[in-house]
Structure formats: structure tokens, C-alpha cells
Amino acid sequence: MPIRENAIARAKQIKCVILDVDGVLTDGGIYVAPDGSELYKPFFARDGLAITLAHKVGIVPAIITGRASSIVENRARELHIELVYQGKLDKRDAYADIKAKTGLSDEEIAYIGDDIVDLPIMRMVGLPCAVGDAVPEVKEVAQIIASASGGRGAVREIYEIILKTQGLWDRVLTVFQTDSDGAAQ
């Protein structure tokens, strides 16, 4: 997994991780039912567990996605993600709202993306990250590039780097063993 020279220093400052959905939390496939509605999205359980446990130790999760889906709404609720912005191909306004609601600076925010719609936000945040199968333009901007593909554990890899860099990994393990309420896969 490629990690750029100053990525570790940047990861130490992260208090919020913003996630794209299609291609990051999922494999990027769009599964459409005969009536034209979205049929399903395959989420990866280990990504979900990392998100909920990191939240328990103070890393705020958020979602900004270009598509709108009740499936994403349900998954976000299950993972206790309150900052959810759907139908946002231009993600800059949603990003500004997240900063306003959390009071965080760019340096305290990470973003995980996979495609060119993610580039404007990736150029703003303190820690831009990419899934392993991201497009070359996204990988070029990313400070951390997961070895796993989107929807197959890339989010978990990146969360682990952030948590371990901040010395929070052991606390995450303890939290899970002593307080698994609210943890979801």
C-alpha cells in the first residue's frame, strides 16, 4: 500500500473521515431492478466495523455521494453516520457544511475517493486517500492508497492507518471488547 512521505504526520491530525460511496464503500457496481430503482449495494462488513469503532474513539464519519439512494440512507443509519449528503456530484458545498457543523479545519479531515468527482475535495482535505482500484488521477493526489479495492476492505485499511498513527488502535480493540453497543458491520 503506497503511503506518501508526509501522510503519517497528516494522519495524526485527523478527526473526521469523509467517504464516497460507489467505488469506495461499495464495489462501484450499480445494480438496477427491472423497475429502474436501485436493487442493492454490496457493502463490506469490515469497513463498517472500522467506521463504527473509530467513531467510538472520536473519529467522526461522514458521507458525500454523487448518487441518491435509500440503501445509503439505511446503511448510514446502521453505522451511526449522521453527516450524510446524497445526490452531490459537486461535493464542495457538502464539504463546507461538514466543516461548519464539526468546526474542523481542512487539516483535520480525511477523504476517501475513487474517481474524478472526488478530486476537488481531495485537493482541500488534510489527508486525501484512495482505494486500490481508483483512477490514476485520484491516486496521484492521494497521500495513502489502499491495496484493497473499493467495497473490499480499502476503507478498513485506511482507518487502521489513521487509528494506529494516532495511537488509538489498542483503544479500539478495548472498546469493542467492553462496549460493542452501536458497533455494526
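Our subject is the structure that appears above.
We now turn to the structure provided with this report.

Comments concerning the nonpolar core
The biggest cluster of nonpolar side chains holds 61 residues, and the ones touching the most others in it are Val17, Ile18, Ile112, Leu127 and Tyr159. At seven residues, the largest contribution of residues to this core is made by helix α7 (residues 154-165). Setting aside residues up to four positions removed in sequence, isoleucine 18 forms contacts with Ala62, Ile64, Tyr95, Ile98, Ile109, Ala110, Tyr111 and Ile112.

A word on the side chain of glutamate 108
Counting through the fold element by element, glutamate 108 comes out in the loop between α4 (92-102) and β6 (109-113). Side-chain polar atoms of glutamate 108 contact the backbone nitrogen of serine 105, separated by 2.9 Å. Those residues within four positions of glutamate 108 in sequence are excluded, and the remaining contacts are Gln13, Ile14, Lys15 and Cys16.

Concerning the pairing of strand β1 (residues 16-19)
Residue alternation in β1 divides its side chains into two sets, Cys16 and Ile18 and Val17 and Leu19, and both sets are buried. Relative to strand β4 (residues 60-64), β1 runs parallel, the two being bridged by four bridges. Note on β4: the bridge partner recorded for cysteine 16 is valine 60. With four bridges connecting them, β1 and β6 associate as parallel partners. Note that in β6 the partner of valine 17 across the bridge is alanine 110.

Overview of the environment of phenylalanine 43
By secondary structure assignment, the location of phenylalanine 43 is in the loop between β3 (38-40) and α2 (45-56). The spacing of phenylalanine 43 and arginine 152 is 109 residues in sequence and 8.1 Å in space, taken between C-alpha atoms. Contacts of phenylalanine 43, omitting those with residues within four sequence positions, involve Val21, Leu25, Thr26, Ile71 and Arg75.

A short note on the pairing of β6
Burial of β6 is extensive: five of the five residues sit out of reach of the surface. Side-chain alternation along β6 places Ile109, Tyr111 and Gly113 on one buried face and Ala110 and Ile112 on a second face that is also buried. The pairing of β6 with strand β7 (residues 127-130) spans four bridges and is parallel. Following the sheet pairing, isoleucine 112 is matched in β7 by cysteine 129.

Regarding the pattern of salt bridges
Taken as a whole and judged by the stated rule, the model has 14 salt bridges. Arginine 92 is the salt-bridge partner of aspartate 90, the closest N and O atoms lying 2.8 Å from each other. Looking at aspartate 90, the relative accessible area reads 44%, which means it is partly exposed. The salt bridge partner of aspartate 97 is lysine 101, with a shortest N-O separation of 3.1 Å. On the criterion of helical spacing, the pair formed by aspartate 97 and lysine 101 is a turn pair, its members being four residues apart in helix α4. A relative accessible area of 28% means that aspartate 97 is categorised as partly exposed. Through salt bridges with shared partners, a single ionic network connects Asp22, Glu38, Lys41 and Arg67.

About the cut-offs
- Residues numbered from 1 in each chain as written.
- Predicted model: local features only at pLDDT ≥ 70, side-chain atom pairs only at ≥ 80, totals over all residues.
- Heavy atoms only, no water.
- Core = buried A, V, L, I, M, F, W, Y, C linked by side-chain atoms within 4.5 Å.
- Buried < 20%, exposed > 50% of the residue type's maximum accessible area, 1.4 Å probe, protein only.
- Helix = DSSP H or I, 4+ residues; strand = E, 2+ residues; numbered from the N terminus.
- Contact = heavy atoms within 4.5 Å.
- Polar contact = N/O pair within 3.5 Å; in protein donor to acceptor, adjacent residues only side chain to side chain.
- Pairing = 2+ DSSP bridges.
- Salt bridge = Lys/Arg side-chain N within 4 Å of Asp/Glu carboxyl O.

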